[in-house]
Amino acid sequence: QVQLVESGGGLVQAGGSLRLSCAASGSFFRINAMNWYRQAPGKQRELVAAITSGGSTNYADSVKGRFTISRGNAQTTVFLQMNSLKPEDTAVYYCNAVVQLRTYGLVRDYWGQGTQVTASS
C-alpha cells in the first residue's frame, strides 16, 4: 500500500504564492511519475503539472510560467511552487503518483487526500 500526504494549501491574495508538498510512503519498487491535479467546484479534475522520474516536466497552458513542479532528492516527494496566483487557480489540488509495485511489476495510480488552494481577488 502507498500513501500520499499533501500539505501547503491555504488562502492567499491574488498575485501571491504558495508551495504544495506531497510525500509518498509505503512499500513499492519505484515511483515512475508524480503529478498535480486540481478540481474546481463544478468542473472536471484537470492535470496541472507532471514530472517523470527522469525529471521531464509538463504543464497545463494555464499555469505555464507561473507554476513549477519539482521532486525531492529521494524521489518520493513532489513540490508545486505556485506564483502569481489568480482567482481561477482556486481549487482542491491533488497529488498523484504512478507507482511500480514490487508485486509482478504492477503499475498503479495513487492519490492524496487533496488540499484547498484559494486565491482571493
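To be clear, the structure that these remarks concern was listed above.
To keep things clear, this report deals only with the structure shown in the data block. (Residues numbered from 1 in each chain as written. Predicted model: local features only at pLDDT ≥ 70, side-chain atom pairs only at ≥ 80, totals over all residues. Heavy atoms only, no water.)

A short note on the state of the cysteines
The tally for this structure, following the rule as stated, stands at one disulfide. Note that cysteine 22 is cross-linked by a disulfide to cysteine 95, the S-S spacing being 2.1 Å. For the disulfide bridge between cysteine 22 and cysteine 95, the dihedral angle about the S-S bond is near -80°, and by the sign convention the bridge is left-handed. Here cysteine 22, found in strand β3 (residues 18-26), pairs with cysteine 95, found in strand β9 (residues 91-100); they are 73 residues apart in sequence, far enough to count as distant. Take cysteine 22 and cysteine 95: they sit in the same class, and that class is buried. (Disulfide = S-S within 2.5 Å. Helix = DSSP H or I, 4+ residues; strand = E, 2+ residues; numbered from the N terminus. Buried < 20%, exposed > 50% of the residue type's maximum accessible area, 1.4 Å probe, protein only.)

Some words on unusual backbone geometry
When glycine is set aside, most residues are seen to have a negative phi, and most peptide bonds are trans. In this structure, glutamine 75 takes a positive phi of about 65° despite not being glycine. Its location among the elements puts glutamine 75 in the loop between β7 (67-71) and β8 (77-82). At serine 84, a residue that is not glycine, the phi angle is positive and equals roughly 50°. One can find serine 84 in the loop between β8 and β9.

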